[in-house]
Amino acid sequence: MQVEAAEASMRGTETVVGAKPAARRLGRVLVGRRRRAAVLLLALAYTAAMLMLTMGGGEGFGSSGVVEGALGPPGSVYRSHLVFERLLPEMRAFASRPNPLVTSHYKKSGKQWKPCISKRLIHSELPPSNGFLIVEANGGLNQQRISICDAIAVAKILNATLVTPAFHLNSVWRDSSKFGDIFDEDHFIESLRKYVRVVKDLPEDVFLRFNHNISIIPNMRTKAFSPPSYYLEQVLPKLLELGAVRIAPFSNRLAHSVPMNIQALRCLTNYEALRFSEPIRTLADNMVDRMIKRSFLTGGKYVSVHLRFEEDMVAFSCCKYDGGSKENNAMENARERSWRGKFHRPGRVINPEANRRNGRCPLTPLEVGMMLRGMGFDNTTSLYVASGKIYNAEKYMAPLQQLFPFLQTKESLVTPEELAQFKGHSSRLAALDYTVCLYSEVFVMTQGSNFPHFLMGHRRYMYGGHAKTIKPDKRKLVQLFDNPNIRWDRFKHYMEDMRRHSEMKGLGLRKPQESMYNLPMPDCMCQQAEARSRNTARN
């Protein structure tokens, strides 16, 4: 009996042990089936979504009302032309009353900001110069402005005499203009003479010391955003030893935060000393007058747009639009012409879909037009478009012109004869655009760069710390533009919210690591109590 019991026990144990592998096999089979079922369900859901999109069913899926494109999440693919076709009849019929151009600026209550550079400047007799500072400004017009303002500040730190900056011949802009071609050189020197010595050329005796060869003068290669202490510890000893030093390239070579009197010099240079040369000022003033006269339907007020849709900008962004393989090949050739293999270096990954989702793609003229019409600017609005040569302009500009028949550019505002002296000089042409945008009622930026950031700061300086500036949230925009089934009322609601948000953000104070060229408060401006009206005073 004991033997039989033992044998039975052993048989039971063998049965349990044998059951475990079987159970595991069964579990794997069930998991595999579940996975296949899940994949099948996802495929069916995707197919249904594509069918509904194709047939125009519904406004979209999910709370955002955006349909996912076949090539990625919402906003990955350029489909704005489809949204344009859908909304065009309603955009044409819509008339805004009142037009945002004739409404008052958004203002925060309390004290108002006014320019007060003179209060921040420390004026004393200049000591003997420690030598000559030579810099080479690089980049486009406003990067050059940064270099010039920073060079004045560095010259003050070093107690050096600044030679008016030379401009680097950029491979993209290819502008051979000299300082005096763009800026009023005599006014520049005179405006700064109490604070920094500036000369047009290196004196002959110093030039002779270096065999009339600027490149022999030691180049103090300086890191970006270097503090004043670096210049005193590293550059000043060399300046005292040789009598002249050179810094090239010189762009963003001084920290944002510097002593108050040095910052005030930057303000003085940017907003007072750096005025455009007389030929630029004369034509630019005429252009502003013509824009005002042509804006009679909105009381002489107009909107300016900085449109970054030139070939080099589109190519550099590595974004895809609706031009297919022909456009892709053209952009690849443009990248190779200007940047010589930069985009094919090992480890470089180009992801156009991610670029678009993250708001890094330049807005097309069509997208700008839809955005502004949604924000309430109807077809009576005068629009000035500041830009270089628009990529494939015949195709891409037509929708914007259709939405805003009172659209102007520098080419339409002036005669070919008036513009002839500036042709081939991108910085001088940019100076014309800059001036017209500066005096517009509303300024619209479409892509981050030095031009809109400088302009935003200048407009804040001129208009009491705040100016109507529209800085769209492109991450939100691309999702709306990726939904061909969106309704006009919903699109308009989002655009009006975006405009109000932009205007409320127009007033801001500079933080330590931010640029005073974009935020001139509190470095260049002071708060003053808002003056009471005469009626209030009498009461």
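What counts, and where the lines are drawn
In every chain, residue numbers begin from 1 and rise along the written sequence. In view of the model being predicted, local features appear only for residues whose pLDDT reaches at least 70, and side-chain atom pairs are presented and counted only at 80 or more, with totals across whole chains, interfaces and linings using the full set of residues. Derived side-chain values reflect all non-hydrogen atoms in the structure, with water molecules and hydrogen atoms excluded from consideration. UniProt positions are given in the numbering used here, feature names are shortened, and annotations may be inferred rather than shown by experiment. Only DSSP runs of H or I reaching four residues or more are called helices, and only runs of E reaching two or more are called strands; each is numbered from the N terminus. With a 1.4 Å probe rolled over the protein chains alone, any residue whose accessible area is under 20% of its type maximum counts as buried; one over 50% counts as exposed, and the rest are partly exposed. Contact between two residues is taken to exist if any of their heavy atoms lie within 4.5 Å; hydrogens are not considered. The protein chains shown are the only cover counted for residues, whose accessible areas, like all others here, come from Shrake-Rupley with a 1.4 Å probe. The angle between two axes is taken between their N-to-C directions and runs from 0 to 180 degrees, where each axis is a line fitted to C-alpha atoms and a helix contributes only its stretch in contact. Here the word oblique covers every angle except those under 35 degrees (roughly parallel), over 145 (roughly antiparallel) and from 65 to 115 (roughly perpendicular). Note: crossing handedness is left-handed where the near helix turns anticlockwise from the far helix by less than a right angle, and right-handed where it turns clockwise. Ten residue types, Ala, Val, Leu, Ile, Met, Phe, Trp, Tyr, Cys and Pro, are classed as nonpolar, four, Asp, Glu, Lys and Arg, as charged, and the remainder, Gly among them, as polar. To estimate how far a helix should extend, the number of its residues minus one is multiplied by 1.5 Å. What the arc measures is the spread of directions leading from the helix axis to the C-beta atoms. Throughout this description, the term salt bridge denotes a Lys or Arg side-chain nitrogen within 4 Å of a carboxyl oxygen of Asp or Glu. Polar contacts here mean pairs of N or O atoms no more than 3.5 Å apart (in protein, one a potential hydrogen donor and the other a potential acceptor; neighbouring residues in sequence count only if both atoms are side-chain atoms). Pairs of cysteine sulfur atoms within 2.5 Å are identified as disulfides in what follows.

Per an unreviewed UniProt entry, the chain is named O-fucosyltransferase family protein, and its organism is Sorghum bicolor. Its UniProt record gives the chain the following Sequence similarities (unreviewed entry) comment, quoted word for word: "Belongs to the glycosyltransferase GT106 family."

Before going further, it helps to examine the overall build of the chain. When its secondary structure is counted, the chain shows 23 helices and 12 strands. Out of the 539 residues in the chain, the part that is buried amounts to 50%. Within the chain, contacts between residues at least 6 apart in sequence are counted, and of these 80% link residues at least 24 apart. Just so you have it, the chain exposes about 27000 Å², and 54% of that area is on carbon and sulfur atoms.

Attention now goes to the packing of helix 4 (residues 141-158) against helix 20 (residues 450-462). Between helix 4 and helix 20, the least distance of the axes is 8 Å, while the angle of their chain directions is 60 degrees. The angle between the axes of helix 4 and helix 20 places the two elements in the oblique class. Of the two elements, helix 4 crosses helix 20, and the hand of that crossing is left-handed. Residues Asn 142, Gln 143, Arg 145 and Ile 146 of helix 4 pack against Asn 450, Phe 451, Phe 454 and His 458 of helix 20. Taken together, the residues of the contact of helix 4 with helix 20 sort by class into three nonpolar, four polar and one charged.

Right, let's get into helix 12 (residues 324-339). Under the 1.5 Å per step criterion, the end-to-end length of helix 12 is 22 Å for 16 residues, consistent within 8% with the ideal 22 Å. Looking only at helix 12, the buried set comprises Glu 327, Met 331, Ala 334, Arg 335, Ser 338 and Trp 339. Burial along helix 12 is one-sided: seen end-on, the buried residues are contained in an arc of 100 degrees. Those residues of helix 12 that are exposed and aimed more than 90 degrees away from the buried face are Ser 325 and Lys 326. Backbone geometry just after helix 12 places Arg 340 at a positive phi near 45 degrees.

To continue, consider the pattern of salt bridges. Going through the model one piece at a time under the given rule, you end up with 22 salt bridges. Where Arg 275 meets Asp 184, a salt bridge forms, and the shortest distance between an N and an O atom there is 3.0 Å. Linking Arg 275 in the loop between helix 9 (260-273) and helix 10 (278-293) with Asp 184 in the loop between helix 5 (179-182) and helix 6 (185-192), this pair joins segments that are 91 residues apart in sequence. The exposure class assigned to Arg 275 is partly exposed, which follows from its relative accessible area of 34%. Across the pair Arg 335 and Glu 332 runs a salt bridge whose closest N-O atoms are separated by 3.4 Å. With a gap of three residues between them, Arg 335 and Glu 332 both fall in helix 12, about one helical turn apart. Residue classification places Arg 335 among the buried residues on the basis of a relative accessible area of 11%. Residues joined in a network through salt bridges with shared partners are Asp 184, Arg 275 and Arg 281.

With respect to the helices and strands, the residue Ser 76 is situated in the loop between helix 1 (2-55) and helix 2 (80-93). Sequence separation between Ser 76 and Arg 356 is 280 residues, and the spatial gap between their C-alpha atoms is 5.7 Å. With sequence-adjacent residues up to four places away left out, Ser 76 is seen in contact with Glu 353, Arg 356, Arg 357 and Asp 482. Only 2.7 Å separates the side chain of Ser 76 from the backbone oxygen of Pro 73, close enough to count as a polar contact.

What follows concerns the state of the cysteines. For the structure on display, the rule yields three disulfides. In this model, Cys 267 is linked to Cys 524 through a disulfide, with the two sulfur atoms separated by 1.9 Å. Sign of the S-S torsion, about -70 degrees for the bond between Cys 267 and Cys 524, identifies this disulfide as left-handed. With a gap of 257 residues between them, Cys 267 in helix 9 and Cys 524 in the loop between helix 22 (488-504) and strand 12 (525-528) connect regions that are remote in the sequence. Considered together, Cys 267 and Cys 524 belong to a single accessibility category, that of buried residues. Here Cys 319 pairs with Cys 361 through a disulfide, and the sulfurs are 2.0 Å apart.

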